[in-house]
Amino acid sequence: MPTSQETTPLAEEQRVLDAAWHRRADLLAELDSELEAAPATDSRTTEHARLARLNTRRGELRSAADGVIFGRIDGDDGSVRHLGRVGLPGVAQDSDPLVVDWRAPVARAFYTATPLDPQGVRRRRHVRTRGPEVLGVDDEPMDGGLDDSGLVGEGALLAALDERRTGRMGTAVATLQREQDDVVRADASTALVVQGGPGTGKTVVALHRVAYLLFTHQHLAERGVLVLGPSTRFLDYIGQVLPALGETAAVAATCDTLVSDTGAERDETRTAAEIKGRASWLAALRRYVETMVPTTDRLALVLDGEEYVLPPDQVAAARRGARSGSMSLDQARARFVDRVHDLLTDAVADRQAELLARAEEGFEDVLGRLDASLARRDDRAAPSGVSGSDVDGVLSEADLDALRARISEDPDIAGSLAAWWPRRDAVHELAALLADPVLLRAHAPELTDDEIAAVAAADAVGPAASAAGVPGSAHEPRSWSSADLALLDALRELLGDPDARTFGHAVVDEAQELSPMQWHMVVRRCPSRSITAVGDIDQAESASLHTDWAHAVGDALGERWRRTDLTICYRTPREVMALTAEVLRAAGSRNDPPRAVRSSGVEPWVRHATENDLAAVARDAVVGLQERYGDGTVGVVAPAGRLAALRQVLPDDVPVLSPTDAKGLEWDASLVVDPDGIASGPRGWNALYVALTRCTQELGQVVVG
Ligand SMILES: Nc1ncnc2c1ncn2[C@@H]1O[C@H](COP(=O)(O)OP(=O)(O)OP(=O)(O)O)[C@@H](O)[C@H]1O
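Thresholds, definitions, all that
- Residues numbered from 1 in each chain as written.
- Predicted model: local features only at pLDDT ≥ 70, side-chain atom pairs only at ≥ 80, totals over all residues.
- Heavy atoms only, no water.
- Helix = DSSP H or I, 4+ residues; strand = E, 2+ residues; numbered from the N terminus.
- Buried < 20%, exposed > 50% of the residue type's maximum accessible area, 1.4 Å probe, protein only.
- Contact = heavy atoms within 4.5 Å.
- Areas by Shrake-Rupley, 256 points an atom, 1.4 Å probe, with all protein chains shown as cover.
- Pairing = 2+ DSSP bridges.
- Axes fitted to C-alpha atoms, helices over the stretch in contact; angles between N-to-C directions.
- Near = heavy atom within 4 Å.
- Polar contact = N/O pair within 3.5 Å; in protein donor to acceptor, adjacent residues only side chain to side chain.
- Nonpolar A, V, L, I, M, F, W, Y, C, P; charged D, E, K, R; others polar.
- Domains from an automatic or database assignment.
- Core = buried A, V, L, I, M, F, W, Y, C linked by side-chain atoms within 4.5 Å.
- Parallel < 35°, antiparallel > 145°, perpendicular 65-115°, else oblique.
- Left-handed = near helix turned anticlockwise from the far one by under 90°.
- UniProt positions renumbered as here; feature names shortened; annotations may be inferred.
- Phe/Tyr/Trp six-rings, centres within 6.5 Å; stacked < 30°, edge-to-face > 60°.
- Lys NZ or Arg CZ within 6 Å of the ring centre and 35° of its normal.
- Salt bridge = Lys/Arg side-chain N within 4 Å of Asp/Glu carboxyl O.

**Q** Give a description of the overall build of the chain that names residues and reports values.
**A** Scanning the chain for helices and strands turns up 31 helices and 20 strands. Scored against the burial criterion, the 705 residues of the chain give a buried share of 52%. Residue pairs in contact within the chain that sit at least 24 positions apart in sequence constitute 73% of those at least 6 positions apart. For the chain, the accessible area works out to roughly 31,500 Å², and carbon and sulfur atoms hold 51% of it.

**Q** I'd love a proper account of the sheet that holds strand E12 (residues 531-535), names of residues and values included.
**A** Strand order across the open sheet formed by six strands is E8-E7-E11-E12-E6-E13, with parallel pairing between neighbours. One side of each edge strand has no neighbouring strand; the edge strands of this open sheet are strand E8 (250-253) and strand E13 (561-566). Taken pair by pair, the neighbouring strands of this sheet meet at an average axis angle of 15°, ignoring direction. For strand E11 (residues 505-508) and E12, the ladder comprises three bridges, and the chain directions are parallel.

**Q** Requested: an account of the site of the ligand, with residues and values cited.
**A** With respect to spatial proximity, 24 residues lie near the ligand, and among them Thr175, Gln180, Lys202, Glu666 and Arg694 are the closest. A distance of 3.0 Å separates an oxygen atom of the ligand from a polar atom in the backbone of Gly199. Contact with the protein chains covers 97% of the free accessible surface of the ligand, which is 630 Å². Counting residues per element, the ones that place at least two in the shell around the ligand are helix H4 (154-162) and helix H6 (202-216). For the shell around the ligand, the leading source of residues is H6, giving three residues. Considered class by class, the residues forming the shell around the ligand number eight nonpolar, ten polar and six charged. The two domains that each donate at least three residues to the shell around the ligand are domain 2 (178-263 + 499-566) and domain 5 (574-704).

**Q** With reference to specific residues and values, describe the nonpolar core.
**A** Grouped together as the largest cluster of nonpolar side chains are 82 residues, with contacts concentrated most on Trp281, Leu285, Leu299, Leu310, Phe336, Trp519 and Ile531. Core analysis: the second largest hydrophobic core is formed by 59 residues, Val183, Ala186, Val534 and Tyr689 among them.

**Q** Describe the sheet that holds strand E19 (residues 667-673), listing the residues and the values that go with them.
**A** Reading across from one edge, E16-E20-E19-E17-E18 is the order of the five strands in this open sheet, with parallel pairing throughout. Strands at the two margins of the open sheet, each flanked by one partner only, are strand E16 (605-609) and strand E18 (656-657). Strands E16, strand E17 (634-637), E19 and strand E20 (695-704) of the sheet are contacted by helix H27 (residues 614-628), whose axis makes an angle of about 150° with E16. Across the face of the sheet, helix H31 (residues 684-692) comes into contact with E17, E19 and E20 while running at roughly 145° to E19.

**Q** Hey, could you go over the packing of helix H12 (residues 281-290) against helix H22 (residues 482-495) for me, with residue numbers and the actual values?
**A** Viewed as axis vectors pointing N to C, H12 and H22 meet at an angle of 45°, and their least axial separation amounts to 10 Å. It follows from the interaxial angle that H12 and H22 lie oblique. Where H12 crosses over H22, the handedness of that crossing is right-handed. Facing Trp281, Leu282, Leu285, Arg286 and Val289 of H12, the residues of H22 in contact are Leu487, Ala490, Leu491, Leu494 and Leu495. In terms of residue class, the contact of H12 with H22 is made up of nine nonpolar, no polar and one charged.

**Q** How would you explain unusual backbone geometry if you had to name every residue and give the values?
**A** For Arg529, which is not a glycine, the phi torsion comes out positive at approximately 60°. By the secondary structure assignment, Arg529 is in the loop between helix H23 (516-525) and E12.

**Q** Account for the UniProt feature "binding site: ATP" (unreviewed entry) in the chain, with residues named and values stated.
**A** Taking the UniProt record as the reference, the feature "binding site: ATP" (unreviewed entry) is found at Gly196, Gly197, Pro198, Gly199, Thr200, Gly201, Lys202 and Thr203. Beyond its immediate stretch of four places on either side in the chain, Pro198 contacts Asp536, Gln539, Cys569, Arg571, Pro594, Tyr689, Thr693 and Arg694. With respect to the helices and strands, the residue Thr200 is situated in the loop between strand E6 (191-196) and H6. Here Thr200 is in contact with Gln180, Leu566, Thr567, Ile568, Cys569, Tyr570 and Pro594, once residues within four sequence places are set aside.

**Q** Residues and numbers for H31, please.
**A** In terms of residue burial, H31 counts as a mostly covered element, since eight of its nine residues are buried. For H31, the full list of buried residues reads Gly684, Asn686, Ala687, Leu688, Tyr689, Val690, Ala691 and Leu692.

**Q** Account for the environment of Tyr689, naming residues and giving values.
**A** Locating Tyr689 in the fold gives a position in helix H31. In this structure Tyr689 comes out as buried when scored by relative accessible area, which is 1%. The sequence separation of Tyr689 and Leu584 amounts to 105 residues, and the corresponding C-alpha distance is 6.9 Å. When near neighbours in sequence (up to four residues on either side) are disregarded, Tyr689 contacts Gly197, Pro198, Asp536, Asp538, Gln539, Thr580, Val583, Leu584, Pro593 and Pro594.

**Q** Tell me about the packing of aromatic side chains, and please be specific about residues and values.
**A** This model, assessed by the stated rule, comprises five aromatic pairs. Geometrically, the ring pair formed by Trp102 and Tyr111 is edge-to-face, given 6.5 Å between the ring centres and 80° between the ring planes. Judged by its relative accessible area of 0%, Trp102 falls in the buried class. An aromatic cluster is present here, built from Phe70, Trp102, Phe110 and Tyr111 joined pairwise through their rings. We note Arg24 situated over the ring of Trp21; from NZ or CZ to the ring centre the distance is 4.9 Å.

**Q** So what's going on with the pattern of salt bridges? Residues and values would help.
**A** A full pass over the atoms with the stated rule returns 47 salt bridges. Between Arg123 and Asp74 there is a salt bridge, and its shortest N-O distance comes to 3.0 Å. Taken together, the residues span a long stretch of sequence, with Arg123 in strand E4 (residues 121-130) and Asp74 in strand E1 (residues 71-75) at a distance of 49 residues. The same class applies to Arg123 as to Asp74, namely buried. With a closest N to O distance of 2.8 Å, Arg124 and Glu140 form a salt bridge. With a gap of 16 residues between them, Arg124 in strand E4 and Glu140 in strand E5 (residues 133-141) connect regions that are remote in the sequence.

**Q** I'd like a rundown of the side chain of His82, residues and numbers included.
**A** Mapped onto the fold, His82 is located in strand E2 (residues 80-84). Relative accessible area serves as the criterion here: at 8%, His82 is assigned to the buried category. Contacts of His82, omitting those with residues within four sequence positions, involve Glu13, Val16, Ile69, Gly71, Arg72, Leu98, Val99 and Val100.

Written out as structure tokens, the structure reads:
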């Protein structure tokens, strides 16, 4: 006889979780033994692909321990479905799944049904679990009651939002909100720009979208998804989320690490960064690369000691033909070399025919040369075959093929062609261009003299560059800024980049920071333009001074993108968001801050300090916050110029960051030191908006003066 305890919703869900937990364990054991039994090396592609699939599935199942089930929807038709981070099939064949994957179409109603639009759902239940244990259950009947908040599963959501922060981004798969779910499941055939204020869940949405797309579209899973974030610190912050959502086919990078393993090694002035970020560099670099195509039509090549001067009109035609279309310089060069091999083959055959003709006229000396020449070459077909040249001395098709093959492998010919049309190295060529005002003026005529001076001066920061300014001249290896790396990426593509990898989809976080040249980097990685970009134009600090999204993405995406907005702030409490409207106005924004869903009950506070006691006041404030949020996280945001001094006095375990580096991160409590100093920098009010919105509970400020 069931006890009264066992009939409670909690006991009911515990029974479901027990069954799901065991099913997951059984599936994992099956996968383990199947993978162990597989031969260590099997070169067959099909077997390789099968093992990769099994491995992925094992990874998914392992990482789903928290969230084996997290929700349930009861339909009007009496159906009951449980949702989890990964789907679990029923034991009997053809039985209903025990747990439905959250990304499956039938799971959608869990995120989007409301009492006003129940979508066939009678009741939504959030099931809070830790490992194999059910902690609590929140029910939401869809019986046409009030729908005031616009929130889905408000109780579960607010409980999730009140949890202490760990310094790593958690998953919100159980509590995604309707406007977020719309983005997660949006059509991926064109670019989507998601504008949202601080804490509206842009990162959450971007990451869940990756998981959703990889689950739903096999071709994306095969081609991979690129996740671009603003910094390696940020990538570390989100690092655990994708595997926990079941995704391993995503590659995380920053724009800088896409180009160089070391990332950007030097900063530069905002002026230089803004100039170098402009889209007009694409045309400038194209013009520059055009100067790397030889202009002479005289091409003399030596084969077997004989010089052949190729017909100049044909050399010119080969050069023109090679540059047609949108090929890289390397591809064009390869095409040209191919054509030159044909021309040389013809020239050798013509000369031989000419010698033969003269021999027939009885010139013994010529006959001697011809014999010697034929003896040196091995272009004729094998003696056993019937060869035209055996009969009349004219090279047969087979002889010509053999001659062409020999020409294409001849190292001297290759050497002559390399001297005539040298291969170019993007690093050297870019260093040469940026260091040389004459070259800059020639290829980037839209730049003013002051702008050219700013670019060349920025370049002089790097190790010595040759003053010769001739493309290809010897340049020392130099260090690059972020803006340089975007130029390098573009130049590499124009010259030919054998290592370039493309992806099926790209997700860009903090997208407001990308320069037009960086947007081109994204499109280069994702030529289909299946891109999801999330960002907040009001948090933009980038030197590129975007004021709206059309300005930011227009050059790279043209008209081929659409925008959607996230409007609810899940992170920052109402008490803190109330401070931000004024900051936004000072930043010149016409937007309102997002609506905060929660209150922390703690009013933001301000302490005053002088330059002399600033460090001590900040230290005192941080220690106080640490005492109150000992089980959570505390972070400090300050103007870049104050960071070093503050780091010396503040506890080691507290991150002390500039607004730029704090972007996208959050702590339970944050201290903003010298907000006026932050606001007085370039795009300073936008930076202050970032700084003030990092906390989930409590905000303190130390004002100087
Ligand atoms: N639906 C949700 N359920 C639970 N938590 C959520 C949800 N949406 C957002 N959050 C939480 O709100 C916080 C802010 O989310 P997130 O960092 O994605 O916002 P953001 O818009 O990227 O912020 P920023 O503009 O500052 O980078 C995070 O702690 C996130 O886990």
